[in-house]
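Architecture and fold: a report
Now for the letters of each chain:
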Amino acid sequence: MIDLRSDTITKPTEEMRKAAYEAQVGDDVYGEDPTVNLLEEKAAEILGKEAALFVTSGTQGNQIAVLTHCRPGNEILLEAESHIFYYESGAVAALAGVQTRTIQGVNGVMNPLHIEAAIRGEDQHFPETGLICIENTHNRAGGAVVPSSNMKEIYEVAQRYSVPVHVDGARLFNAAASADCSIKDFTQHCDTVQICLSKGLGAPVGSIIAGSEEFINKARKWRKRLGGGLRQVGIIAAPALIALTKMRERLVEDHVNARFLAESLINYGGLEVVNSVDTNIVVLDISGLKMNATEFVEALKVEGVLGVTFGPTLVRLTTHYDVNRKDIEKAVSVIGGIVKGKRH
Ligand code: TLP
C-alpha cells in the first residue's frame, strides 16, 4: 500500500527504535526522567521559548494551551477551518468551557483587521476574548504556510489588547522548511506554540508545547488533570528527541514529492489541484469526475493507494518519510487510470 492518508502514519526509524530501547528513564511526574528533561530543554531552545512540555498528542497540546490561557466563559478567536475548531471533537467547549468565534481566512491566513474587529470590548453582555489561535501550516488550507509577517501583525494587535496568541504548529517545521527560515521567525510572534513530533518528523508519539516558564508550570498541572502525567516516558521521548533534532532537514523532500505529485496531475482532465502545495499536502477537487470523494478514495484503495476525503468532492494526499518518488509515480499512474474512465 502507498499510504498518503497522512504524515501521521510514519513508522519510527531503526535509530528511533534503538533509542527507545536504550533510553535512560525515570518517573517524569517527579521530574526525574532525564530523556524527557533533555527533550523539553532542547525543544524550548529550538522554539525560542523559556520552557517546554512533552505531551501525548497535538490535540492534547492544543487543549492544554486553551485550558491554561482561558477561563470558562471566555471566547477564543480562530480560523474557520482550523484543526482546533474543525477536528478536535468540540474539546474546547467540552473541556475549557470557552466559546469559539471563527474568522474566515484566505488560504488559512486571517486578516489582522478582522481579528481586531472581533476582539471584545468591556461590556457586561460580552464574553472576554481569552485567546487567539493561528494554525501554521494550515491543514485544511492544504498545508499552506501562514507568513511570519502575518503572524507578526496579528501578534501586534493581540498585544495591544492584551490577548495571548497560541500557534497550532503541528507542522510548523514544514512551514520553516518551505519558507527557508528559522522556526523562531514564526515563534517569536506568539506566546505559546504546539508542535507535533509524530507527523512529518516521524516520532511514534508526542507533541511539545512551549511558552513562558509560568505558562508551562500551569500547563503541567492541566496535563496532570487530563491524565497526561506519564512515568518512564523517556521510552517515547528518546525517539521524539531524534525527530526533533535529526528529521527537520529532510522535510523539504516531502515538499518536493508533493509538488511532483501536484504537477504530474495538473494536466489530467476531471480533477484539479486546489491548494498552493506549499508543503507536503495536495488537495484534489474531483468534481469533474463521475464519482464523489468517498468513491474516489475507494477506487484508489483497490489499486493500492490510500488517501482521505476532505469534503464531498475533495481528496487529500499527504507525502511523508515512508513514501518515495517511486511510490508517488505509482500513485500518479493509479490516479491516471481512475480518471480516464470517470470523466464527465
Ligand atoms: N491532523 C490529522 C487529523 O486530525 C486531521 C491529520 O491527519 O492531518 N493540529 C493540526 C494542524 C493537525 O493537522 C493535527 C492532526 C493536530 C493538530 C492534532 O494532532 P494529533 O493527531 O497528534 O492529536
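The shown structure was predicted, so the numbers you read here are calculated from the model rather than taken from an experiment.

Another aspect to go through is the site of the ligand. What surrounds the ligand is a group of 16 residues, the closest being Ser6, Gly58, Thr59, Asp168 and Arg171. Expressed as a share of its isolated accessible area of 510 Å², the protein-covered part of the ligand is 81%. If you tally residues by element for the shell around the ligand, the top one is helix α3 (residues 58–69), at three residues. Taken together, the residues of the shell around the ligand break down into three nonpolar, seven polar and six charged.

Looking now at helix α8 (residues 172–179). Structurally, the α-helix is built with 3.6 residues per turn, so residues lying three or four positions apart point the same way. Looking at α8, one finds that the buried residues are Leu172, Phe173, Asn174, Ala175 and Ala176. Buried residues in α8 make contact with α2 (34–47), β6 (165–169), α9 (184–187), β7 (192–196), α11 (234–246) and α12 (251–265). Asp180, located one to two residues past α8, shows a positive phi value of around 50 degrees.

This paragraph deals with the sheet that holds strand β5 (residues 129–135). Reading across the sheet, the seven strands line up as β2-β8-β7-β6-β5-β3-β4 and stay open at both edges, with mixed pairing between neighbours. At either end of the open sheet lies a strand with only one pairing partner, and these are β2 (51–55) and β4 (99–103). Shown here is a sheet whose adjacent strand axes are inclined to one another by a mean of 20 degrees, direction ignored. Two strands pair when backbone bridges link them, and strand β3 (residues 75–79) and β4 are joined in this way by five bridges, in the parallel orientation.

Time to look at the domain arrangement of the protein. Once the domains are mapped, the protein shows domain 1 (7–246) and domain 2 (250–343). Centre-to-centre separation of domain 1 and domain 2, based on C-alpha positions: 28 Å. Taken together, the contact pairs 22 residues of domain 1 with 17 residues of domain 2. With both chains or domains summed, domain 1 and domain 2 bury close to 1600 Å², and 54% of this area falls on carbon and sulfur atoms. The largest per-residue losses of area from domain 1 upon contact with domain 2 belong to Asp7, Gly142 and Asn174, which jointly make up 26% of the total buried on that side. Counting across the interface, domain 1 meets domain 2 through zero salt bridges. For the pair domain 1 and domain 2, the interface holds nine residue pairs in polar contact (both at pLDDT 80 or more). Of the residues contributing to the side of domain 1 that touches domain 2, the split by class is nine nonpolar, nine polar and four charged.

About the thresholds
Numbering of residues starts from 1 in every chain and runs along the sequence as written. Thresholds applied to this predicted model are a pLDDT of at least 70 for local features of residues and 80 or more for the giving and counting of side-chain atom pairs; totals over whole chains, interfaces and linings are not thresholded and use all residues. To obtain the side-chain values, all non-hydrogen atoms of the structure were included, while hydrogens and water were left out. The cutoff for a nearby residue is simple: one of its non-hydrogen atoms must lie within 4 Å of the molecule or strand. Every accessible area reported is derived by Shrake-Rupley at a probe size of 1.4 Å, with residue values counting cover from the shown protein chains alone. A run of DSSP states H or I qualifies as a helix once it reaches four residues; a run of E qualifies as a strand once it reaches two. Both are numbered from the N-terminal end. Nonpolar residues are Ala, Val, Leu, Ile, Met, Phe, Trp, Tyr, Cys and Pro. Charged residues are Asp, Glu, Lys and Arg, and all others, Gly as well, are polar. Burial status follows relative accessibility: with a 1.4 Å probe on protein chains alone, a residue under 20% of its type maximum counts as buried, one over 50% as exposed, and anything between as partly exposed. Whether two residues are in contact is decided by their heavy atoms, any of which lying within 4.5 Å being enough. Paired strands, in this sense, are two strands between which DSSP finds at least two bridges. Note on geometry: axes are lines fitted to C-alpha atoms, helical ones only across the stretch in contact, with angles between N-to-C directions running from 0 to 180 degrees. An automatic or database domain assignment is the source of the domain bounds shown. Here the quantity called buried area is the accessible surface, traced with a 1.4 Å probe, that two parts lose on coming together, added over both. By convention in these notes, a salt bridge is any Lys or Arg side-chain nitrogen within 4 Å of a carboxyl oxygen on Asp or Glu. Under this definition, polar contacts are N or O atom pairs within 3.5 Å; protein pairs additionally need one hydrogen-donor-capable and one acceptor-capable atom, and for neighbouring residues in sequence, both atoms have to be side-chain atoms.

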